[in-house]
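# Architecture and fold: a report
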Amino acid sequence: MSDTKTRAAPKAAVVLTKAAEQRVADLMAKAPEDAIGVKLSTPRRGCSGLAYSVDYVTEEARFDEKIETPGGLFFIDSASVLYLIGSTMDWVEDDFTAGFVFENPNAKGACGCGESFMV
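A brief structural summary. For clarity, every value in this text was computed on a predicted model and none was experimentally measured. (Residues numbered from 1 in each chain as written. Predicted model: local features only at pLDDT ≥ 70, side-chain atom pairs only at ≥ 80, totals over all residues. Heavy atoms only, no water.)

Okay, the packing of aromatic side chains next. The relative placement of two aromatic rings is captured by the distance of their centres and the angle of their planes. Within the structure shown, the criterion is met by two aromatic pairs. For the ring pair tyrosine 52 and phenylalanine 102, a centre distance of 3.9 Å and an interplane angle of 15° mean the geometry is stacked. Here tyrosine 52 is found in the loop between strand 4 (49–50) and strand 5 (53–57), whereas its partner phenylalanine 102 is found in strand 9 (residues 98–103), with 50 residues between them in sequence. Judged by centre distance (4.9 Å) and plane angle (70°), the ring pair of tryptophan 91 and phenylalanine 100 falls under edge-to-face. The ring of tryptophan 91 carries the charged tip of arginine 23 above its face, separated from the ring centre by 4.4 Å. (Phe/Tyr/Trp six-rings, centres within 6.5 Å; stacked < 30°, edge-to-face > 60°. Helix = DSSP H or I, 4+ residues; strand = E, 2+ residues; numbered from the N terminus. Lys NZ or Arg CZ within 6 Å of the ring centre and 35° of its normal.)

In structure tokens:
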């Protein structure tokens, strides 16, 4: 008798809402020809230290987390994963603004303009 155990698939560091998944699909529909997906990273920027950045990516980096969405591949920069674990990424549009919005349990604060956050 085999002693194999079934393992649950690892949970993604970031959960994308349906609106965020749709935005990834929209971005991929008009992406440059060499783009394989979009990538979330947290470069050092702004008053509080880190900012969210979503950009096209042309190749898969070895340790990046890869999430398959209905509209295309979504990557999370390997150096940013620890700052993002447990986060939810949403896409919000209204009459005045449109953009990705993050609910990040690791953020200890943010600057007044919302440009950056600290952990």
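Still to come is the rest of the account.
What follows concerns the sheet that holds strand 7 (residues 72–76). The sheet built from four strands is open, its strands ordered 5-2-7-6 with mixed pairing. Strands with a single pairing partner mark the edges of an open sheet, and in this sheet they are strand 5 and strand 6 (65–69). Strand-to-strand, the axes of this sheet are offset by a mean angle of 25°, without reference to chain direction. Pairing analysis gives five bridges linking strand 6 to strand 7, with the strands arranged antiparallel. Paired with lysine 66 across the bridge in strand 7 is phenylalanine 75. (Pairing = 2+ DSSP bridges. Axes fitted to C-alpha atoms, helices over the stretch in contact; angles between N-to-C directions.)

Attention now goes to the sheet that holds strand 1 (residues 14–16). If you trace the three strands from one edge of the open sheet to the other, you get 1-8-9, paired in mixed fashion. Across the chains shown, the open sheet's two edge strands, defined by having one partner strand only, are strand 1 and strand 9. Put simply, the sheet's adjacent strands are angled 30° from each other on average, direction ignored. Its contacts with the sheet place helix 1 (residues 18–29) against strand 1, strand 8 (87–93) and strand 9, and it is angled at close to 70° to strand 8. (Contact = heavy atoms within 4.5 Å.)

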